[in-house]
Structures are given as structure tokens and as C-alpha cells.
Amino acid sequence: MQEEVLILGGGVAGCAAAIALAQKGRSVTLIERERTPRHKVCGEFLSGEALEDLHALGIDVVSLGAVPINYVRLAAAQRAAEAPLPFPAKSLTRKALDKALISRAIAVGVRVELGRSVQSLNRTAASTWQVTLEDGSIREAPTVFLATGKHDLRGHARPKDPHRWVAFKMYYRLSPAQADDLGDASELTLYSGGYGGIQPVEDGITNFCCVVQRRYFERAGLRWEGLIANMQKDCPHLAMRLAGAQPLLDKPIAITHIPYGYLRRTTEDSLYCIGDQAAVIPSFTGDGISVALHTARCAAAAYLARESSSVFQPKLRSAMLPQMRLAQAAANGLNNALARAVLPFFLRVWPGAMQVTARLTRVTQPAALAP
Ligand SMILES: Cc1cc2nc3c(=O)[nH]c(=O)nc-3n(C[C@H](O)[C@H](O)[C@H](O)COP(=O)(O)OP(=O)(O)OC[C@H]3O[C@@H](n4cnc5c(N)ncnc54)[C@H](O)[C@@H]3O)c2cc1C
């Protein structure tokens, strides 16, 4: 079967690109390996830019139950500091968001194949892309958008993650007093081997998502119970927050090997890489979804303007490099013991610093990438 555009991966980036192209009358097929959207490791924070992009795609997050997030709070050891967010933000479970994106893609005419896993992606002698699915069936198209998120396809892998990050997500129902105290804030809690975010999502549920270096997880005996106990020891604010909380999943969901700071340099002909396949911003910025939407929008615009992928991909990288460097530098600060100890004290004295950091680590630069 010959398509105009094949999109591999139906998460945020894949759906966003598919919707943008279908709305311009292009014939698009999207291949997603899950039959129905499921929980993903994600803090589920939607930044102002993400909200704008979702709105432009026809997704009304408020009707899906998204809750407002108006404050950012930072807690390390015994200290906590807070500041109002310098942009409107919300939070929404990925299950709800991904489901809405897939439905929207179908509504605008994208051919969506769910429950189909891509096994390989190869260039043929006739200069088309050939995609082989798990049952051996083949799809061909002149152009492919690679949007498989954290999952690399054989032959198209991103570099290894030297810190061997491990990330977890757990849902809790907090005690009424702690839910009240958390309010409409996104809280960043710091530990000696990583950090975590706590924030309310829809239906009175609280998302706790953390990312730690593997050696920190090893010290906890490679067990979630040990890890969460150690994180609470490192950060009593977290212990307070989770006192009396009811876990809502049997066990947390986890992923490993996250190449933070990755920005794809080049690509092959007619292969546009978007979302986590283009750039992996440190999680504490809460900007990954925004990056996914942004890279999808820019790649779709480049394709429609007949800008080749080999011109587009390095251009995307250059535009995103300053913010990525800043976000990486800030992430290194969070991993530094001394910085961790003094940071909340410093932020109490100058809460505006939190707002400045939040603003500077935003990656979206719509104007910079117009083809
Ligand atoms: C710990 C952590 C916390 C985070 N917190 C936040 C946050 O609070 N806010 C925020 O904005 N960002 C956050 N992010 C980042 C954000 O989750 C990602 O950047 C974003 O989901 C990337 O979108 P994507 O479309 O590239 O990938 P995804 O949304 O993961 O979609 C990829 C899709 O491809 C599919 N797929 C994979 N392999 C195949 C295959 N072989 N065949 C077919 N389909 C395939 C998958 O099933 C999936 O649906 C966080 C990330 C981590 C690790």
C-alpha cells in the first residue's frame, strides 16, 4: 500500500503532526502500537505553549477535565519556596489527552491503525520508506514522520543515556488536608539522586512522577518501596505530602534510559523526526509535551512548504539549542548537593528566580522555524 505520509507513533507528536497534515488535505496514515491509550510515565503538566498548541489542534482540555496549575513550589530537605507560574498551565492525565488526540486525528480524516507495532523502517532502492509491522505486513510511503517517543526503532536509535535514569509514575489520593495544602500547585521535590513532581490531575487524583539515577535506585534495593522511603527521608516535604495517601495503581509504571539533553542533529531524506525522537528536555521543566507539539507543528509546516527533512532537522536543532542548554544546566544544578541545599532558601529570598527559570526553559520559538 502506498501512502502520502506515514506517521509512526500515535502519542502527542504523532497525533499533532497527523492532524496538522490532514487539515491541509494530505492523506496520512498513523500507526500506533497500543490498541487503546494507557498510562504513560509523565508528570502530566501542560505548559502555556502546550495549551495553545492543543487548542489550535481542536483539543479542549477543560472539557476533558484538566485542572488549573497556578503555582510552582520547590522543596528540598526541610525548606520549601513557592512562586506563581508566569504563564497559565493545567494538568491532565495522558490517558485522557492521548485518547482525545487519537479521536481528533480520526475526525479530521487521518487513517489510524491502532494495535500495530512497527518493527522496522528501511529506505528502498526506489527511494521510498518501507515500514514492516509485527505481522510482517508492509506499508510504503515517500515520507515518514518518526514519532515513537522514548522507543527507538532498530537502525534509528538515539544515543545511550550515561546516567541511566529511571523514571516512575504513581497516582495517589491524598488525604483531604494534604490535597488542600497542595492546592493548584506543581511541587518539585529534590533528592540526592534525582527529583520528583507532585500535582493534582482530574477527578481528585494526584500525580507523583519522579526520575532518579540508577545508582540511587540500586541503593533502595531496586524496589519501589525502598525508593519511595528513601525519597521521603531525603525530602521530608514529600513525606508530609504522602502521609495518609492512598496509592491508586497496584505498582508504579516505570521507564529507563532517558537521553536527557538529546537534540537530533541530522536525519535521512524524507524522514522528519519529532517529539522525543527529535529532542528530550529535562522533565522538571514540564515542557516535553510542548516540545512534542512544537516539533510536530514545525515538521508539518516544513513538509507542506516542501522543505526537505535534511534542512529542517538541523534548523530545528539550532532553534532549540539555547533553551535545551539552559534546561540541562538547571537540571545539573538540581543534581548538585550544595545547590540543592541552598536553592529553596535562595528562592524564598528571591521567588522571582523561579519564574525567570520557568520562562527561560520554555523551548517554543514559533517564529524561528518558519520555513
Ligand atoms: C519522568 C518524566 C516526566 C515528564 N513529565 C512531563 C510533564 O509533566 N509535562 C510535559 O510536558 N512533559 C513531561 N514529560 C515528557 C513527555 O512525556 C514527552 O516528552 C512526550 O510524551 C513526548 O511525546 P512523543 O509523542 O514524542 O512520545 P509519546 O507521547 O510517548 O508517544 C509515542 C507513541 O509511539 C508509540 N510507539 C512506540 N513504539 C512504537 C512502534 N514500534 N510502533 C508503533 N507505535 C509505537 C507509543 O505507544 C506511543 O503512543 C515527562 C517525561 C518523563 C520521562
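That block above? That's the structure.
This text gives an overview of the structure that appears in the document. (Residues numbered from 1 in each chain as written. Predicted model: local features only at pLDDT ≥ 70, side-chain atom pairs only at ≥ 80, totals over all residues. Heavy atoms only, no water.)

### Details of the site of the ligand
Basically, it comes down to this: By convention in these notes, a residue is near a molecule or strand provided one of its non-hydrogen atoms lies within 4 Å of it. In the analysis that follows, any N or O atom pair within 3.5 Å is treated as a polar contact, provided that within protein one partner can donate a hydrogen and the other can accept it, and provided that, for residues neighboring in sequence, both atoms belong to side chains. Per-residue and other accessible areas follow the Shrake-Rupley method at a 1.4 Å probe size, with only the shown protein chains counted as cover for residues. Secondary structure is summarised from DSSP: a helix means a run of H or I of at least four residues, a strand means a run of E of at least two, and numbering begins at the N terminus for each. Note on residue classes: Ala, Val, Leu, Ile, Met, Phe, Trp, Tyr, Cys and Pro are nonpolar, Asp, Glu, Lys and Arg are charged, and everything else, Gly too, is polar.
Around the ligand sit 37 residues, and of these Glu32, Gly43, Arg94, Asp276 and Ile289 come closest. Between the ligand and Arg33 there is a distance of 3.1 Å, counted from a nitrogen atom to a backbone nitrogen or oxygen. Within the side chain of Lys40, one N or O atom sits 3.0 Å away from an oxygen atom of the ligand. In isolation the ligand has 1,000 Å² of accessible area, and contact with the protein removes 95% of it. For the shell around the ligand, the elements supplying multiple residues, two or more each, are helix H1 (12-23), strand S2 (28-32) and helix H8 (288-304). Broken down by element, the residue count for the shell around the ligand peaks at three residues, all from H8. Here the shell around the ligand is composed, by residue class, of 15 nonpolar, twelve polar and ten charged.

### What to know about helix H6 (residues 224-234)
Put simply, the rule reads: Relative accessibility decides the category of a residue: with a 1.4 Å probe and only protein chains considered, values under 20% of the type maximum give buried, values over 50% give exposed, and everything between is partly exposed. Note that the arc is defined by the directions from the helix axis to the C-beta atoms.
When we look at burial in H6, the residues that qualify are Trp224, Leu227, Ile228 and Met231. Projection of H6 onto a plane perpendicular to its axis shows the buried side chains occupying an angular sector of 95°, all on one side.

### As for the pairing of strand S8 (residues 129-133)
For clarity, the cut-off: By this definition, two strands are paired if DSSP reports at least two bridges between them.
Burial analysis of S8 places four of its five residues in the buried class, the great majority of the element. When strand S7 (residues 118-123) meets S8, the two strands line up antiparallel, connected through five bridges. Its bridge partner lying in S8, Asn122 is registered against Gln130. Counted along the chain from S7 to the antiparallel partner S8, the turn is five residues long, and its residue Ser127 has a positive phi close to 60°. The pairing of S8 with strand S9 (residues 138-141) spans four bridges and is classified as antiparallel. Bridging across to S9, Gln130 finds its partner in Glu140. As consecutive antiparallel partners, S8 and S9 are separated by four residues, and within that stretch Gly136 has a phi angle of approximately 90°, a positive value.

### Describing the nonpolar core
Cut-off, in case you're wondering: Nonpolar core, defined: a set of buried Ala, Val, Leu, Ile, Met, Phe, Trp, Tyr and Cys residues in which side-chain atoms within 4.5 Å join the residues together. What makes two residues a contact is simply this: any of their non-hydrogen atoms within 4.5 Å.
Ranked by size, the top nonpolar core spans 53 residues in total, and within it Ile7, Leu97, Leu101 and Phe145 carry the most contacts. Broken down by secondary-structure element, the contributors of at least two residues to this core are strand S1 (5-8), H1, S2, helix H2 (48-56), helix H3 (94-107), H8 and helix H9 (309-334). Top contributing element to this core by residue count: H8, with ten residues. Once residues lying within four places of it in the same chain are set aside, the contact partners of Phe145 are Val5, Leu6, Ile7, Leu8, Ala17, Leu21, Tyr272, Ile274, Ala299, Ala300 and Tyr303. Core analysis: the second largest hydrophobic core is formed by 27 residues, Val166, Phe168, Leu182 and Tyr191 among them.

### Section: the packing of aromatic side chains
Stated precisely, the cut-off is as follows: Here a pair means two rings of Phe, Tyr or Trp (six-membered ring of Trp) with centres within 6.5 Å. Their orientation is stacked below 30 degrees between planes, edge-to-face above 60, and tilted elsewhere.
Here the structure, examined in full by the defined rule, presents nine aromatic pairs. Relative to Tyr303, the ring of Phe145 lies with its centre 6.2 Å away and its plane at 80°, an arrangement referred to as edge-to-face. Of this pair, Phe145 sits in strand S10 (residues 143-146) while Tyr303 is found in helix H8, placing the two residues 158 residues apart along the sequence. For the pair shown, Phe145 and Tyr303 are each scored as buried. Ring centres of Phe168 and Phe217 lie 5.1 Å apart, and the angle between their planes is 65°; this geometry places the pair in the edge-to-face category. With Phe168 in strand S11 (residues 165-173) and Phe217 in helix H5 (residues 214-219), the pair connects residues that are 49 residues apart, well separated along the chain. When sorted by exposure, Phe168 lands in the same class as Phe217, which is buried. Ring pairs connect the aromatic residues Phe145, Tyr272, Tyr303 and Phe312, which therefore count as one cluster.

### With respect to H2
Considered for burial, the residues of H2 that qualify are Gly48, Glu49, Ala50, Leu51, Asp53 and Leu54. Looking one or two residues beyond H2, the residue adopting positive phi is Gly58, at roughly 90°.

### Quick look at the environment of Asp234
Relative to the assigned elements, Asp234 resides in helix H6. Residues Asp234 and Leu190, spaced 44 residues apart in sequence, show a C-alpha to C-alpha distance of 7.8 Å. In this structure Asp234 touches Ala77, Tyr191, Ser192 and Tyr216, once residues within four positions along its chain are discounted. Within polar-contact distance, the side chain of Asp234 engages the backbone nitrogen of Ser192 at 2.9 Å.

### Considerations on the side chain of Arg158
If you trace the backbone, Arg158 turns up in the loop between S10 and S11. From its side chain, Arg158 meets the backbone oxygen of Lys150 in a polar contact 3.0 Å long. Within polar-contact distance, the side chain of Arg158 engages the side chain of Asp152 at 2.8 Å. If near-sequence neighbours (up to four positions away) are discounted, Arg158 is found in contact with Gly149, Lys150, His151, Asp152, Pro259, Tyr262, Arg264, Asp276, Gln277 and Val280.

### Looking at the pattern of salt bridges
We apply this condition: The working definition used for a salt bridge is a side-chain nitrogen of Lys or Arg within 4 Å of a carboxyl oxygen of Asp or Glu.
Counted according to the given criterion, the structure contains 20 salt bridges. Between Asp269 and Arg123 there is a salt bridge; the shortest N-O distance is 3.6 Å. With Asp269 in the loop between strand S16 (253-256) and strand S17 (271-273) and Arg123 in strand S7, this residue pair connects regions lying 146 residues apart in the sequence. You can call Asp269 partly exposed: its relative accessible area is 42%.

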